[in-house]
Amino acid sequence: RPFAGSLLRFLGFIFWGTAAALAFGGVFVILMYKNYSYLFQESFLSLPGWLAVAAALILLPTGVLAISISAKMSRYRQGALMYLLLVLLCLEISSAVLAQFYSIRMASELESTMGYLIYQYNGTHSQGPGSRAVDAVQRELQCCGVQNYTDWLKATAASWRLPAEKTHVPESCCKEKYSHCRGDLGHLEQLFQEGCLKKMEDQLHFVMLYIFWCCTVLSVLELLAGFSNGILMRHQPFHDFRIL
């Protein structure tokens with residue numbers, strides 16, 4: 001029993017720290033979807049992030065209950081802790097499963113979506129949402145094209161109606177330090193040459209894997225907390241109730 005109380009107190013403090021880590025991952029997923037929403041056909045991609053943020057918020061009172069129960073036991077607090085742990089397990093298992101699912105599914109969709117947007121690109125000064133999305137991704141990730149900058153060689157002549165010898169890349173492929181860069185392929189040193197697909201896939205896999213392992217580790221810790229709380233409840237008999 002003393003060990004169960006000490007473990008529950010320790011886990012209460014751990015829950016506070018892991019709440020911040022889980023909230024960080026959840027917010028990162030939400031912001032990534034917001035920034036690149038035009039590239040993702042799946043509208044529920046941000047769902048693992050929202051579930052992670054919800055779990056992080058519930059972890060705070062859960063930690064408070066775990067610490068208070070270890071100091072002074074109460075049937076009401078112990079029951080509330082069990083309910084919160086059950087809710088957290090449901091949220092985190094759902095978030096972990098969705099994160100793993102989207103990590104695999106989105107990788108294949110990204111390539112086709114980015115290829116389509118590049119082919120439909122209307123020019124360096126286009127205000128279309130697809131073209132703006134491509135420019136934003138290339139500037140943000142410092143990349144050019146899907147696999148590399150040569151993807152634009154196939155697209156510009158057709159979609160911009162330029163002669164083959166005048167094909168170039170969008171100005172969003174230019175490195176920031178070259179202020180006079182206009183996407184001229186004759187000056188490759190002024191351009192980002194690495195493709196955007198690998199960078200986006202790496203970013204997506206990292207954040208989804210981060211969410212998955214955060215939720216998995218937290219689920220194990222919550223099972224330990226539930227087990228410790230159960231031991232304490234077992235050694236505390238119910239009080240007799242009188243019918244008034």
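Quick caveat, the model's predicted, so the values are computed rather than measured. (Residues numbered from 1 in each chain as written. Predicted model: local features only at pLDDT ≥ 70, side-chain atom pairs only at ≥ 80, totals over all residues. Heavy atoms only, no water.)

Undergrad: Can you lay out the overall build of the protein for me, pointing to particular residues and giving the numbers?
TA: Scanning the protein for helices and strands turns up 6 helices and 0 strands. The N-to-C order of helical and strand elements in the protein reads α-α-α-α-α-α. Classification of the 244 residues of the protein by burial places 47% in the buried group. In the protein, once contacts between residues fewer than 6 apart in sequence are set aside, the share between residues at least 24 apart is 73%. (Helix = DSSP H or I, 4+ residues; strand = E, 2+ residues; numbered from the N terminus. Buried < 20%, exposed > 50% of the residue type's maximum accessible area, 1.4 Å probe, protein only. Contact = heavy atoms within 4.5 Å.)

Undergrad: How would you summarise the nonpolar core if you had to cite specific residues and measurements?
TA: Grouped together as the largest cluster of nonpolar side chains are 63 residues, with contacts concentrated most on Leu22 and Met200. At the level of secondary structure, the elements contributing two or more residues to this core comprise α1 (2-35), α2 (47-71), α3 (75-119), α4 (129-141) and α6 (196-234). Counting residues per element, this core draws most heavily on α6, which supplies 13 residues. Setting aside anything within four residues of it in sequence, one finds Met200 in contact with Tyr36, Leu39, Phe40, Leu110, Met114, Val137 and Leu141. (Core = buried A, V, L, I, M, F, W, Y, C linked by side-chain atoms within 4.5 Å.)

Undergrad: Could you give an account of the packing of α3 against α6, naming the residues involved and the relevant values?
TA: Between α3 and α6, whose axes approach to 8 Å, the crossing angle comes to 165°. The pairing of α3 with α6 is recorded here as roughly antiparallel in orientation. Handedness of the α3/α6 crossing: left-handed. Taken together, the residues of the contact of α3 with α6 break down into 26 nonpolar, 9 polar and 5 charged. (Axes fitted to C-alpha atoms, helices over the stretch in contact; angles between N-to-C directions. Parallel < 35°, antiparallel > 145°, perpendicular 65-115°, else oblique. Left-handed = near helix turned anticlockwise from the far one by under 90°. Nonpolar A, V, L, I, M, F, W, Y, C, P; charged D, E, K, R; others polar.)

Undergrad: Could you give me a rundown of unusual backbone geometry, with the residues and numbers involved?
TA: In this structure, Gln142 takes a positive phi of about 55° despite not being glycine. Tracing the chain through its elements places Gln142 in the loop between α4 and α5 (151-159). Accessibility expressed as a relative area gives 43% for Gln142, which makes it partly exposed.

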